[in-house]
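# Examining the three-dimensional arrangement
Here is how the chains run, residue by residue.
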Amino acid sequence: MEATEAAETAQNAPAPAPDPGAEPPTRSAPRRRRVGRTIALIAVAAVIGLVGGTAVGYGIQAEREPTPLPPLNQPALAYPKPLPKGQKATPLPASEDRQAKAQGDLRKLLVPKPAGAKDDEFAGDDDGWMSPDVFASVFTKPAKAFSYQLELEQRRIAARSWKTGEHRHVEVRLIQYRSGAGLGAQDHIEDQQSYMPDEEYAESEGEELKGSTNGRYYVFPVEREAGYLDLYEARAYFYRGDIAVEIFMSDTKKIAEKDIRSLAERQLARL
């Protein structure tokens, strides 16, 4: 008990007052680890190792023999095949050269009239040619159509029309555009095809024209109006190269699909 009481007394006793003349105790500052320098050294070593490894890899690859490429699966497909020494390629005859045909008399590329057909008195062509203003006049907005055709660089128009039976009228047009950066024939045909599905026209996407990647033909619904004969209509639109083709067929009797299709196919074969 006496020892315990002595300890408690010592613990509760007030701390001795500091000596005013004594120097304050010094504390040793903790040693900082040079972490930043260590990381920098590791990064430098990694870069040196990467560059050195790449240089060694290039050196090894440069000393190796080049690896030959695998042979072609079909080495005989070289086209065109080289001609024997001293021989030259013969040009295509004009009948097979589409570009030569297109630069000649465009009227000769028009499909001929069928036997027994008569000249159409309402035709807009003169001696097989149609002027740009007459061509534009058939559109609902002739001035705008004329200006647009100039933008497409329309060059010339060959046309042929005829009449068969009592009321069947047929007209075929070849509209040629200047060759260049523009695609006049394609633009014109795609414009005409774009409104064929409308109610005022064929009301359908039409049918694909055999032998053409872009051609379509259309058979319109019958148009009836009191006091007038029924009106049936069919059209075909396609292009080849710089020539756009339009074919119109109208009658007071139903037009068979094969009639417009076969006419379009015959015209396509002549281009």
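It should be emphasised that the depicted structure is a prediction, and the values quoted were computed from it without experimental measurement. (Residues numbered from 1 in each chain as written. Predicted model: local features only at pLDDT ≥ 70, side-chain atom pairs only at ≥ 80, totals over all residues. Heavy atoms only, no water.)

## Structural notes on the sheet that holds strand 6 (residues 232-240)
Filter applied, for reference: Strand pairing follows a simple DSSP-based rule, namely that at least 2 bridges must link the two strands. Numbering of helices and strands starts at the N terminus; helices are DSSP runs of H or I of at least 4 residues and strands are runs of E of at least 2.
One open sheet accounts for seven strands, arranged 1-2-3-7-6-5-4; its pairing is antiparallel. The open sheet has two free edges, formed respectively by strand 1 (118-119) and strand 4 (207-208), since each of these has just one partner strand. For strand 2 (residues 154-164) and strand 3 (residues 168-177), the ladder comprises ten bridges, and the chain directions are antiparallel. Opposite Q154, over in strand 3, you have Y177 as the bridge partner.

## Some details on unusual backbone geometry
Our working rule: Residue exposure (1.4 Å probe, protein chains only): buried if accessible area is under 20% of the type maximum, exposed if over 50%, otherwise partly exposed.
A positive phi is found at E153, a non-glycine position, where the angle reads about 65°. With respect to the helices, strands and loops of the structure, E153 is situated in the loop between helix 5 (142-151) and strand 2. Judged by its relative accessible area of 42%, E153 is partly exposed. Although it is not a glycine, E203 sits at a positive phi angle of roughly 60°. With respect to the helices and strands, E203 occurs in the loop between helix 6 (184-194) and strand 4. Assessed through its relative accessible area of 46%, E203 is described here as partly exposed.

## Focus: the packing of aromatic side chains
So the rule is basically this: Aromatic pairing here means that ring centres of Phe, Tyr or Trp (its six-membered ring) are within 6.5 Å. Orientation follows from the plane angle: under 30 degrees is stacked, over 60 is edge-to-face, and everything else is tilted.
Scanning the model with the defined rule gives four aromatic pairs in all. Geometrically, the ring pair formed by F135 and F139 is edge-to-face, given 5.5 Å between the ring centres and 65° between the ring planes. Judged by its relative accessible area of 1%, F135 falls in the buried class. Between Y237 and F248, the aromatic rings sit 6.3 Å apart at their centres with planes inclined by 90°, giving edge-to-face as the arrangement. Taken together, the residues span a long stretch of sequence, with Y237 in strand 6 and F248 in strand 7 (residues 243-251) at a distance of eleven residues. For the pair formed by Y237 and F248, the shared burial category is buried. Joined through ring pairs, the aromatic side chains of Y218, Y237 and F248 make up one cluster.

## As for the pairing of strand 7
The two faces of a sheet get side chains in turn, since along a regular strand they alternate between them. For strand 7, the tally of buried residues reaches eight of nine residues, placing the bulk of the element in the interior. Sheet topology note: the strand 3/strand 7 ladder contains eight bridges and is antiparallel. Within strand 7, the position partnered with H169 by the bridge is S250. Two strands pair when backbone bridges link them, and strand 6 and strand 7 are joined in this way by nine bridges, in the antiparallel orientation. Residue Y237 lies in a different strand from strand 7, and its bridge partner there is E246. As consecutive antiparallel partners, strand 6 and strand 7 are separated by two residues, and within that stretch G241 has a phi angle of approximately 65°, a positive value.

## Thoughts on the nonpolar core
This is how the line gets drawn: Nine residue types can take part in a nonpolar core, namely buried Ala, Val, Leu, Ile, Met, Phe, Trp, Tyr and Cys, and a core is a set of them joined through side-chain atoms within 4.5 Å. By the convention used here, residues are in contact when the closest approach between their heavy atoms is within 4.5 Å.
L174, F238 and I247 are the most contacted members of the largest nonpolar core, which totals 25 residues. Those elements giving two or more residues to this core turn out to be strand 2, strand 3, strand 6, strand 7 and helix 7 (257-269). Non-local contacts of L174, meaning those with residues more than four positions away in its chain, are made with L106, L109, L110, R156, I157, A158, I243, A244, V245, Q267 and L271. Grouped together as the second largest cluster of nonpolar side chains are 17 residues, L152, I157, M196 and F248 included.

## Brief notes about the confidence of the model for the protein
Note the threshold: Each residue carries a pLDDT score, the predictor's own confidence in it, on a scale running from 0 to 100.
For the protein, per-residue confidence averages 81 on the pLDDT scale, and 68% of positions sit at 70 or higher. Predicted confidence for residues 20-30 stays below pLDDT 50, and this span has zero contacts to residues more than four positions away or in other chains.

## A look at the pattern of salt bridges
Note the following rule: Salt bridges, as used here, are contacts in which a Lys or Arg side-chain nitrogen is within 4 Å of a carboxyl oxygen on Asp or Glu.
Summed over all chains, the structure comprises nine salt bridges. The partner of D230 in a salt bridge is R224, with the nearest N and O atoms 3.2 Å apart. Residue class for D230 comes out partly exposed when judged on its relative accessible area of 25%. Of the residues examined, R224 reaches a relative accessible area of 58% and is grouped as exposed. Here the salt bridges share partners, and the residues they tie into one network are R168, D251, K258 and D259.

## As for helix 7
Keep this limit in mind: Expected span of a helix: the number of residues minus one, times 1.5 Å.
The first and last C-alpha atoms of helix 7 sit 19 Å apart over 13 residues, in line with the 18 Å expected at 1.5 Å per residue. In the core, the buried residues of helix 7 are packed alongside strand 2, strand 3, strand 5 (216-219), strand 6 and strand 7.

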